[in-house]
Amino acid sequence: MANGNQFSFQAPQSYYYLWHLAALGVIDATFGPLSPGGEIDYSSPDIEGTVWDTITQAFPAANTPATIALIDVGVSRSHPNLKSRLDTVKSIDLVSHPHGAKYVAAPAASPYDPEVKAAFFAGLSTAGLGALNLTGPETGYFNSLIAELVASEGVVHTLIEGDETFGSHGTAVAGLAVGEPAATVAPDPAIVLPDVLNCDDGSVVPNPNRNTLPYFGVDPFSRLISIRTGFEQQPDQFITAFLYAFASGADVILLPRGLPDPNRGALNPKPELSQDLDERQNWERADLFARLEEATPPASEIRPNAVGKTANRELAWNILAKLIVAISRKVPVVCAAGNDGESQLIYPANLAAANNGIVAVGAVTPNGYRSGYSNYGTKLTLVAPSDDFEIYTRHQLRVDRTDPMVEQHFYHPGTGKVIPHSHFSLLTTDLPGTFGYAGGSDPYSSILPPHDNPGIGGGYYTTFGGTSGAAALVAGVAALLARANKAKQGPAAKLDGLSSKAILVAACDQNATVKPGTTPLTPDPMNADNEPAKGKGYFFGAGLLDAGKAVAAVLGP
C-alpha cells in the first residue's frame, strides 16, 4: 500500500468482448483455466452453445425475425454490423418534422434535391389498444391528435447519408440488441487485409472490411425500427412515437432513456438528506435547505420549464403516461431504470407494475453488485450486465484500482463499506467518426457522416454501459422470446406485453452470479448504511435475467 493509501494500483485484466452475452446466458461459455498468475482467464472462454442454436434446432425451417422499435436519438444505417438489421423503410425521424421524416441514402444525392411529401400515419388506428381510461378532456385531445396525424404529410429526404449526427447513443444501443457479424475472415491468418482497394478505373477506395469485428447482439436475427425523438418537453412527439411503434407491428419497444415529463420525470429528494435537521451538527445542512426553498420561484410564469396550463401540456403528459401503460399490455416496453444512483427510477420506468408490460431494467457488474450509478427500488423489474461507476460517499467506497493515478490519492472508507469496482464495459457498435463515442482521427473524421465508412474515421466500436446498455440487452432477450414464439406458433404469432414480461421475470434469479464473476448478487449501501436489509428485490428486482431459461419456457418441451 504505497504512501499509506487505502488502494494500490491493479493492472486491468483482459476480458472477452462478448462477456455480457455469457452473463445473460445467450451463449453458454466456460471461463478459465487459471492463468500462471492464479487468475481466471476471462479473455478466451470455451463456447459450448447458444440460444440461437436452440431455436434453430427446435424449428429448423423457421426464419421469421422479431422486430424491436427503438425510441431514441437515431441509428447509423451504414454501420456494417447494423445495416441489414435496421429497417430503413419503417424507421422515422420525429425531430426534424412533427409528422415524420424518412431518408433515402443515395451516393449521388445533392443538397439541392427537393424533399418529397409522404403520408406516414394514414392508416393509424388505436382499435387494438383497449381502454386507455382517459378523462373527457383527455379523450378530446387524444382524438384531435389522432385525426391530425391521419391527415398529415411528412417528408422524404434524399441524402448521401441519413441524418445521423447525433445517433451515437442509439447506434450503441442497437448493436447490443441486434448487431450481427459483418467481417469477412481471411482464409490464411498470415494475410493482412489492406487499408485500401484499387479500383479498375485507377481510383483508390477504403477497404470496407477493414477494422470490423464478428460482433453479435443478443439477437442478430431480429430487426430494428429506429424512431428518432428529441429531448424537448413535447409530449405530442412522444405520443406519436409510441403510436408509431405500436402501429408498425413491433414485437418489443425499447426506451433506453427517460422522458422529460416535468412532473413524473422529477426525482424526489432523498429522505435521509432532510433527516435530523434540528440537530446542532446539521445546522449548516438545514440552512442550505432553507436557502434552496427560498430561492425556488413560486410563480409559474418565471419558471421556463413549468407546465403551461393554457397549452394543455399537462393534459398531453397524462395521455402519454396512460398510453405507455396501455401499449405495454400489448407489447413489452423495456425501459432503463436510470443512472442517478437513486432508490427511485426515472420516468417512465417508474410506471412498471404487476398489471402492465413495462420492464424496468437496472444494471449489475461481474462482481455481483449493482452498478454504481444504477437506480434501484421497489419498481425495479430485473437487472442485466453493464459497466460500473466509482463512488466515494459516507455509505460506501468504490474505487477504480486500474486507474494509474489511484496510488496518488488517499482513500478511506470511514464507516462506509468497501465495494469492489469492475473495469468491465459493454463493447458495442459506434457511430463512425467524430460524432461517435470513440471520437475521430484527422483527416478521416472530417468526412462525416460517411458512406460505407471503413472505420478509419474513429472506429466502428465503443465501450458503453449504463442502464441504457442493460435495457438494450433485455430488449434483445424479449426479441428472442418473440422470435421463438413465431418459430413455434407461426410467423404472425405475437407475445403480448404481460406474457413476455412474465416469462422474463420467471427466468430471473436473485442469487445468480454475473459471468465471468463468481459472487452471487449482493446488495450494497448506496444511500443509507442499512439499505441492504431491504432485501435483494429492492436492488435487483426479480434478479439477473437468464436468456436460455426464458427461451426454453417459450419453446416448451
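This text follows the structure it describes.
A brief structural summary. Values in this document were obtained by computation on a predicted structure and should not be read as measured data.

### What about the pattern of salt bridges?
Tallied over the full model, the rule gives 10 salt bridges. Here D251 makes a salt bridge to K486, at a shortest N to O gap of 3.2 Å. On the criterion of sequence distance, the pair formed by D251 in the loop between helix 5 (235–247) and strand 11 (252–255) and K486 in helix 8 (residues 466–489) is long-range, its members being 235 residues apart. By relative accessible area, which is 6% here, D251 ends up buried. Under the relative-accessibility criterion, K486 is labelled buried at 8%. Between D251 and K494 there is a salt bridge; the shortest N-O distance is 3.1 Å. Of this pair, D251 sits in the loop between helix 5 and strand 11 while K494 sits in the loop between helix 8 and helix 9 (497–506); the two residues are 243 residues apart in sequence, bridging distant segments of the chain. The partly exposed category is assigned to K494, whose relative accessible area is 47%. Overlapping salt bridges, with partners in common, bring together R370, D388, R398 and D524 in one network.

### As for the layout of surface pockets
Roughly 550 Å³ of volume is contained in the largest pocket. What lines the largest pocket is a set of 25 residues, and nearest its centre among them are Q10, Q13, N367, H421 and H423. Residue composition of the lining of the largest pocket, grouped by class: 12 nonpolar, 10 polar and 3 charged.

### Observations concerning empty space enclosed by the protein
To find leftover empty space, a probe the size of one water molecule is rolled over the atoms. Under the counting rule described, the total for this entry stands at 3 cavities of 30 Å³ or more. Put simply, the largest cavity is a space of about 130 Å³. Lining the largest cavity are 16 residues; nearest its centre among them are G74, V75, R77, S226 and R228. When residues of the lining of the largest cavity are traced back to their parent elements, those giving at least two are strand 4 (92–93), strand 5 (101–105) and strand 10 (223–228).

### Things to note about helix 4 (residues 168–178)
When you tally the buried positions in helix 4, you get 11 out of 11 residues, the bulk of the element. If you check which residues of helix 4 are buried, you get S168, H169, G170, T171, A172, V173, A174, G175, L176, A177 and V178.

### Brief notes about the sheet that holds strand 15 (residues 391–392)
With respect to topology, 3 strands assemble into an open sheet ordered 15-16-17, the strand pairing being mixed. Because the sheet does not close on itself, it has two edges, and the strands there are strand 15 and strand 17 (417–418). As paired strands, strand 16 (residues 396–398) and strand 17 are joined by 2 bridges and run parallel to one another. Of the residues in strand 17, the one forming a bridge with L397 is V418.

### Notes on the packing of helix 3 (residues 136–150) against helix 7 (residues 313–330)
Relative orientation of the contacting elements helix 3 and helix 7 amounts to 85°, with a least axis distance of 10 Å. As summarised for this structure, helix 3 and helix 7 are arranged roughly perpendicular, according to the angle between their axes. Every residue of helix 7 that contacts helix 3 at P137, E138, Y141 and F142 is listed here: L315, A316, N318, I319, K322 and L323. Counted by class, the contact of helix 3 with helix 7 contains 7 nonpolar, 1 polar and 2 charged residues.

### Thoughts on the environment of T428
Among the secondary structure elements, T428 is positioned in strand 18 (residues 426–429). Placed 212 residues apart in sequence, T428 and F216 show a C-alpha to C-alpha distance of 8.8 Å. Among all residues touching T428, those that are not within four sequence positions of it are A172, G175, L176, Y215, Y460, Y461, T462 and F464. Within the structure, T428 has its side chain in polar contact with the backbone oxygen of A172 (distance 2.6 Å).

### Some words on the packing of helix 2 (residues 51–58) against helix 8
Here helix 2 crosses helix 8 at 10°, and the two axes come no closer than 10 Å. Here helix 2 is positioned roughly parallel relative to helix 8, judged by the angle of their axes. Contacts from V51, W52 and I55 of helix 2 reach helix 8 at L480, R483, A484 and A487. Tallied by class, the residues present in the contact of helix 2 with helix 8 amount to 6 nonpolar, no polar and 1 charged.

What counts, and at which threshold
Residues numbered from 1 in each chain as written. Predicted model: local features only at pLDDT ≥ 70, side-chain atom pairs only at ≥ 80, totals over all residues. Heavy atoms only, no water. Salt bridge = Lys/Arg side-chain N within 4 Å of Asp/Glu carboxyl O. Helix = DSSP H or I, 4+ residues; strand = E, 2+ residues; numbered from the N terminus. Buried < 20%, exposed > 50% of the residue type's maximum accessible area, 1.4 Å probe, protein only. 1 Å grid on protein atoms, 1.4 Å probe; cavity = no way out; pocket = protein on both sides within 12 Å on 5 of 7 lines; lining within 4 Å. Points joined across faces, edges and corners; volume = space filled by probe spheres on them. Nonpolar A, V, L, I, M, F, W, Y, C, P; charged D, E, K, R; others polar. Pairing = 2+ DSSP bridges. Axes fitted to C-alpha atoms, helices over the stretch in contact; angles between N-to-C directions. Parallel < 35°, antiparallel > 145°, perpendicular 65-115°, else oblique. Contact = heavy atoms within 4.5 Å. Polar contact = N/O pair within 3.5 Å; in protein donor to acceptor, adjacent residues only side chain to side chain.

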